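# Structural features, examined
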Amino acid sequence: MPESTPQPPRRDHGFHEVRVHRVIEETGDAVSVELEVPEDLRDAFQYQSGQFLTFRLKIDGQQVLRSYSMSSSPAVDTNLQVTVKRVDGGVVSTWMTGSLSAGDLVEVTLPAGVFTLGSSDGPIVAFAGGSGITPVYSLIKTAMATTSRPVKLLYANRDRDATIFRDELDALAEKYGDRLELLHHWDADSGFANAEIIGTHTGHATSAPLADADYYICGPAPFMDLVEATLHGHDVAADRIHIERFTPVAPVEPPEIAAEEAAAGPSQVTIELDGKTETAAHRAGTTILQTARSMGLIPPYSCEAGDCATCMAKMVEGTADMFANNALMDDEVEDGWILTCQAVPTSPTIHVIYGYEE
Ligand SMILES: Cc1cc2nc3c(=O)[nH]c(=O)nc-3n(C[C@H](O)[C@H](O)[C@H](O)COP(=O)(O)OP(=O)(O)OC[C@H]3O[C@@H](n4cnc5c(N)ncnc54)[C@H](O)[C@@H]3O)c2cc1C
Ligand code: FES
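Here, residues in each chain are numbered from 1, in the same order as that chain's written sequence. To read the labels, note that chains go from A and ligands from 1, taken in the order they are written. Totals for whole chains, interfaces and linings use all residues, but because this is a predicted model, local features are given only for residues with pLDDT of at least 70 and pairs of side-chain atoms are given and counted only at 80 or more. For the side-chain quantities, the full set of heavy atoms in the structure was used; hydrogens and water were omitted.

### A few points about the overall build of the protein
Helix and strand definitions here come from DSSP, where helices need a minimum of 4 consecutive H or I residues and strands a minimum of 2 consecutive E residues; each element is numbered from the N-terminal end. Counting secondary structure elements, the protein contains 9 helices and 18 strands. Exposure classes here rest on a 1.4 Å probe applied to the protein chains alone. A residue is buried below 20% of its type maximum, exposed above 50%, and partly exposed in between. Each of the 358 residues in the protein was classed as buried or not, and the buried ones make up 48%. By the convention used here, residues are in contact when the closest approach between their heavy atoms is within 4.5 Å. Counting contacts in the protein only where the partners sit at least 6 residues apart, residues at least 24 apart contribute 68% of the total. Note on areas: Shrake-Rupley, 1.4 Å probe, and residue coverage restricted to the protein chains presented here. Carbon and sulfur atoms provide 49% of the accessible area of the protein, an area that totals close to 17200 Å².

### Some thoughts on the side chain of serine 49
Within the secondary structure, serine 49 sits in the loop between β2 (30-36) and β3 (52-59). Whenever a nitrogen or oxygen atom comes within 3.5 Å of another N or O atom, the pair is scored as a polar contact, on the condition that within protein one atom can donate a hydrogen and the other can accept it, and that pairs from neighbouring residues in sequence are kept only if both atoms are in side chains. Polar contacts involving the side chain of serine 49 include one to the side chain of serine 138, which spans 3.2 Å. In this structure the side chain of serine 49 is engaged in a polar contact, spanning 2.4 Å, whose partner is the side chain of threonine 142. Setting aside its immediate chain neighbours within four residues, serine 49 contacts Ser73, Pro74, Phe115, Thr116, Leu117, Ser138, Leu139 and Thr142.

### Thoughts on the site of ligand 1
Around ligand 1, the surrounding shell holds 22 residues, and the nearest of these are Arg66, Ser67, Tyr68, Val92 and Ser93. Contacts to ligand 1 include valine 91, whose backbone N or O atom sits 3.0 Å from an oxygen atom. Contact distances for ligand 1 include 2.8 Å between an oxygen atom and a backbone N or O atom of valine 92. When ligand 1 is considered free in solution it has 900 Å² of accessible area, and contact with the protein chains removes 72% of it. When residues of the shell around ligand 1 are assigned to their parent elements, the largest contribution, 4 residues, is made by strand β4 (residues 62-69). The residue classification treats Ala, Val, Leu, Ile, Met, Phe, Trp, Tyr, Cys and Pro as nonpolar and Asp, Glu, Lys and Arg as charged. All others, Gly included, are polar. For the shell around ligand 1, the per-class residue count stands at 8 nonpolar, 9 polar and 5 charged. A cutoff of 4 Å decides nearness: a residue is near a molecule or strand if any of its heavy atoms lies inside that distance of it.

### Structural notes on the packing of aromatic side chains
Ring pairs are drawn from Phe, Tyr and Trp, using the six-membered ring of Trp, whenever the two centres fall within 6.5 Å, and their geometry is named by plane angle: stacked under 30 degrees, edge-to-face over 60, tilted for the rest. All chains considered together, the criterion is met by 4 aromatic pairs. With a centroid separation of 4.3 Å and an interplanar angle of 25 degrees, the aromatic rings of tyrosine 137 and phenylalanine 165 are classed as stacked. Here tyrosine 137 is found in helix α2 (residues 133-146), whereas its partner phenylalanine 165 is found in the loop between β8 (151-157) and α3 (166-176), with 28 residues between them in sequence. Ring centres 6.1 Å apart and planes at 75 degrees place the aromatic pair tryptophan 337 and tyrosine 356 in the edge-to-face group. Placement of tryptophan 337 in strand β16 (residues 337-339) and of tyrosine 356 in the segment after β18 (349-353) is noted, with a sequence separation of 19 residues between them. Cation placement over rings: the criterion is NZ of Lys or CZ of Arg within 6 Å of the ring centroid and within 35° of the ring normal. Above the ring of tyrosine 301, the side-chain terminus of arginine 293 is found at 4.4 Å from the ring centroid.

### Some words on the sheet that holds strand β5 (residues 80-85)
Paired strands, in this sense, are two strands between which DSSP finds at least two bridges. An order of β4-β3-β6-β1-β2-β5 is seen for the 6 strands of this open sheet, with the pairing classed as antiparallel. Two strands in the sheet have a free side with no partner beyond their single neighbour: β4 and β5. Recorded for the sheet is a direction-independent mean angle of 40 degrees between the axes of neighbouring strands. Pairing of β2 with β5 involves 6 bridges; the strand directions are antiparallel. Following the sheet pairing, valine 31 is matched in β5 by valine 84. Every angle, taken between N-to-C directions, lies between 0 and 180 degrees, and every axis is a line fitted to C-alpha atoms, over only the stretch in contact when it is a helix.

### Some words on the confidence of the model for the protein
Confidence of the prediction at every residue is given by pLDDT, a number between 0 and 100. Across the protein, the average pLDDT comes to 89, with 90% of residues at 70 or higher. Under a pLDDT of 50 for its full length, residues 1-10 has, in the predicted model, 3 contacts with residues more than four places off or in other chains.

### Points about the environment of histidine 234
Among the structural elements, histidine 234 can be located in the loop between α6 (221-233) and β11 (241-244). Sequence separation of histidine 234 and glycine 199 is 35 residues, and the distance between their C-alpha atoms is 7.5 Å. A polar side-chain atom of histidine 234 sits 2.9 Å from the main-chain carbonyl oxygen of threonine 230.

### A closer look at the sheet that holds strand β14 (residues 312-317)
With mixed pairing, the 5 strands of this open sheet are ordered in space as β13-β12-β18-β14-β16. The open sheet is flanked by β13 (276-281) and β16, the only strands paired with a single partner. Within this sheet the neighbouring strands show an average axis-to-axis angle of 30 degrees, counted without direction. Where strand β12 (residues 268-273) lies against β18, 5 bridges are found, and the strand directions are parallel. Its bridge partner being in β18, glutamate 272 is matched across the sheet by isoleucine 353.

Spelled out as structure tokens, the structure:
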């Protein structure tokens, strides 16, 4: 390649140390964490609204990995910020809401995720529940500041006090008038949100879906399932529905054996991780992540559902199919990146490198 040919930007999926600038108490059980990105990493940490970071933390001597979405907007906020809501008995969310302080160093990946605004210019209809407001708040701030798209948000919470960004959202709705329609739903006042409430929010009074709208959903699993089913019931096209899942949708089923593999016998899988290289025959019905574990390696993972990208690795030889991918961009997949928790080999040999650097 001639020297003058522009090179594609270098992909970096490792962890980086960043300092906590501020911890802001949002509600009794949620905090926002503002991060100070070092000068030399500012370009790499550029992000799109709706994306997330994966944190690698050591809590009580155990390494843990969890993803948290940005609540900041690259269009209007100076510092990158995530927002964490405590989950009962949750290891990381309890630590982050109770023990993390300004000045602490944490390790995070670069921003990732596909729950983003895209290039559409139609209305945005969003449904958020509890901590699901985090990426949705980022999307809304960016859409209001950088587009003329009208936005509707149905935001469900236990009660007023549990409502993260309540004042900020009310202020935005006030500022943008008719362009931002905000409906708070408090279970304490009106019971859980039901299909009728959600149906009304999907469109106009007739419940007809808004033409050209994009629908964004993030919140507790039952809330998301209800919204998704209601949207389908209102004939909203599947490609207009954008979903961010914080918890796996269901226990991960062992993937089916790829037809090619069944015919040709098991693939030989070579995995590089932390300076070790191991090769083994692929066992039918297992993922590449499981193959790595069976080799005695300790690969990174978090959700095991294709949602967080913690398990991503670069495939430098061979081919693989992924059963779900809610985290990698199309160009990353084209470049050979795979979610190892979702990938099974489809070629006789496959070579995968965790922590690959170009
Ligand atoms: C892409 C992505 C983005 C995310 N963004 C955010 C965010 O912006 N803010 C945020 O607060 N969380 C977010 N999460 C969820 C977060 O990564 C953790 O799963 C969550 O904080 C719980 O971790 P924990 O260690 O406290 O709980 P764990 O110790 O892992 O789990 C404790 C128990 O709680 C259950 N549980 C786990 N997560 C949840 C949940 N979200 N709600 C209810 N029960 C749960 C588990 O099944 C388990 O029984 C995101 C997850 C993903 C995959
Ligand atoms: S572990 Fe979350 S995408 Fe694989």
